[in-house]
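Coordinate analysis (summary)
So the chains spell out like this:
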Amino acid sequence: MAIAEHAPETISRRRRFLKLPVGVSLALGWLGLMIVVAFGAELLTPYSFTALDLKARLSPPLLMGGSLAHPLGTDELGRDVLSRLIVSIRMSLLIALFGTIIAASLGTALGFLAAHFRGKVEQLVLMAIDFQASMPFMIIALSVLAFFGNNLVLFIALMGFHSWERYARIARGLTLAANEQGYAAAVRQLGAGPGRIYGLHILPNIASTLIVSMTLTFPEIILLESGLSFLGLGVQPPLTSLGNMVGYGREYITRAPWIMLAPASAIVVTTLSISLLGDWLRDRLDPTLR
């Protein structure tokens, strides 16, 4: 009888969770399109993103009187803007994805260490968190790239250090709360080691909060990568990214605005979509907001 009584309530919760607002549905549709573009970039690009066609340089897009050969126009070297946009979307999403995973993994691990060992270890982690939060990350990124030079691996690793302190604070606070609750103490009394306790019991219980935080970090890294690439310190040629395209297009904003508008629009819509999805997930997963 108890199972039968709780079944309608469970079904009702699932229906409320699956009922998507229009804005969230559009955001999911756009993000799905971006994922398809990222995975199928090699098949979707009509030309090589490095192919030059000086005879067709600065050709306007189709909506401005251009031809179907270059529906989004060409840049100052005759490179197809659509092909470069597709490859740039893949590059920017991969950088943001790996950067977010590194930040979440590093921050969560340090949060667990601080909550487990307490004492001096906790103080060191808290000092590192305060230092990271007090320093503008753009200054740190500029200093590292200027001192060590730039390559893609270093750039992705640098993006991974963005916002790790957010995950460390969340993981530490929620772990301390879990240690005060019965389930963590019960598992510990049964003889489970720290790895099993944190990996199989505490982490699944705080995963929803971490996932919502990841939806906040992801668009931040996209914007940070775009800003650094705009300054010439991000993704280096012959590779391309959304910020890289915007940086090159700023010099032609009056003569050929489509060079900059296409990647800029992709940045705005993608970050907005992820933010909308993150807000919706927070409202659905945070029990205090129900």
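Scroll up to find the structure this text is about.
A few points on the structure. (Residues numbered from 1 in each chain as written. Predicted model: local features only at pLDDT ≥ 70, side-chain atom pairs only at ≥ 80, totals over all residues. Heavy atoms only, no water.)

A tally of regular secondary structure across the protein gives 12 helices and 0 strands. For the protein, the α and β elements follow one another from N to C terminus as α-α-α-α-α-α-α-α-α-α-α-α. When burial is assessed residue by residue, the protein has 40% of its 290 residues classed as buried. Of the contacts made within the protein by residues no fewer than 6 positions apart, 71% connect residues no fewer than 24 positions apart. A total accessible area of about 15800 Å² is found for the protein, and carbon and sulfur atoms account for 69% of it. (Helix = DSSP H or I, 4+ residues; strand = E, 2+ residues; numbered from the N terminus. Buried < 20%, exposed > 50% of the residue type's maximum accessible area, 1.4 Å probe, protein only. Contact = heavy atoms within 4.5 Å. Areas by Shrake-Rupley, 256 points an atom, 1.4 Å probe, with all protein chains shown as cover.)

Turning our attention to helix α7 (residues 152-160). Along α7, the positions that sit buried rather than exposed are Phe155, Ile156, Leu158, Met159 and Gly160. Its side-chain oxygen placed 3.2 Å from the backbone nitrogen of valine 153, asparagine 151 serves as the N-cap of α7. (Polar contact = N/O pair within 3.5 Å; in protein donor to acceptor, adjacent residues only side chain to side chain.)

Moving on: the packing of helix α4 (residues 81-117) against helix α12 (residues 258-285). The contact between α4 and α12 brings their axes to 11 Å, and the two run at 35°. Two packed elements cross with a definite hand, and for α4 against α12 that hand is right-handed. Contact residues: α4 offers Val81, Leu85 and Leu93, while α12 offers Trp258, Ala262, Pro263, Ala266 and Thr270. Classifying every residue of the contact of α4 with α12 gives 7 nonpolar, 1 polar and no charged. (Axes fitted to C-alpha atoms, helices over the stretch in contact; angles between N-to-C directions. Left-handed = near helix turned anticlockwise from the far one by under 90°. Nonpolar A, V, L, I, M, F, W, Y, C, P; charged D, E, K, R; others polar.)

This part covers the pattern of salt bridges. Side chains that carry opposite charge are capable of pairing whenever their charged atoms lie near each other. Throughout the structure, instances matching the rule amount to 7 salt bridges. A salt bridge links arginine 84 to aspartate 75; its shortest N-O distance comes to 3.8 Å. Like arginine 84, the residue aspartate 75 is buried in the burial classification. With a shortest N-O distance of 3.5 Å, arginine 79 and glutamate 76 are connected by a salt bridge. One salt-bridge network, held together by shared partners, links Asp75, Glu76, Arg79 and Arg84. (Salt bridge = Lys/Arg side-chain N within 4 Å of Asp/Glu carboxyl O.)

A few words now on the nonpolar core. In terms of nonpolar packing, the biggest core is built from 44 residues, with Leu85, Ile89, Leu93, Ile95, Met159, Ile222 and Leu228 touching the most fellow members. Every element with two or more residues in this core is listed here: α2 (22-39), α4, α6 (137-148), α7, α10 (194-230), α11 (242-249) and α12. Ranked by the residues each element gives to this core, the list is headed by α12, at 10 residues. Beyond its immediate chain neighbours, meaning those up to four positions away, methionine 159 contacts Ile95, Gly99, Phe137, Ile221, Leu224, Glu225 and Leu228. (Core = buried A, V, L, I, M, F, W, Y, C linked by side-chain atoms within 4.5 Å.)

Quick reminder: α-helices carry 3.6 residues per turn. Residues three or four places apart thus point the same way. Here α2 contains 18 residues, and its C-alpha end-to-end distance of 26 Å stays within 8% of the 26 Å for a straight helix at 1.5 Å per residue. Within the sequence span of α2, burial applies to Val24, Ala27, Leu31, Met34, Val37 and Ala38. Take α2 and look down its axis: the buried residues cluster within an arc of 145°, on one side only. Every exposed residue of α2 that faces more than 90 degrees away from the buried side is listed here: Val22, Leu26, Val36 and Phe39. Each element contacted by the buried residues of α2 is listed here: α3 (41-44), α4 and α12. (Expected span 1.5 Å × (residues − 1). Arc of directions from axis to C-beta.)

As a further point, take the environment of isoleucine 156. Mapped onto the elements, isoleucine 156 comes out in helix α7. Overall, isoleucine 156 belongs to the buried group, its relative accessible area being 18%. Sequence-wise, isoleucine 156 and glutamate 225 are 69 residues apart; in three dimensions their C-alpha atoms are separated by 9.2 Å. Discounting residues that sit within four places of it in the chain, isoleucine 156 has contacts with Ile95, Phe98, Gly99 and Ile102.

A complete count under the given rule lists 1 aromatic pair for this structure. An angle of 80° between the planes, with centres 4.9 Å apart, marks the rings of phenylalanine 147 and phenylalanine 148 as edge-to-face. An identical accessibility class is assigned to phenylalanine 147 and phenylalanine 148; each is exposed. The ring of phenylalanine 230 has arginine 250 sitting right over it, with the charged end atom 4.8 Å from the ring centre. (Phe/Tyr/Trp six-rings, centres within 6.5 Å; stacked < 30°, edge-to-face > 60°. Lys NZ or Arg CZ within 6 Å of the ring centre and 35° of its normal.)

Inspection of the secondary structure assignment puts arginine 84 in helix α4. Accessibility expressed as a relative area gives 5% for arginine 84, which makes it buried.

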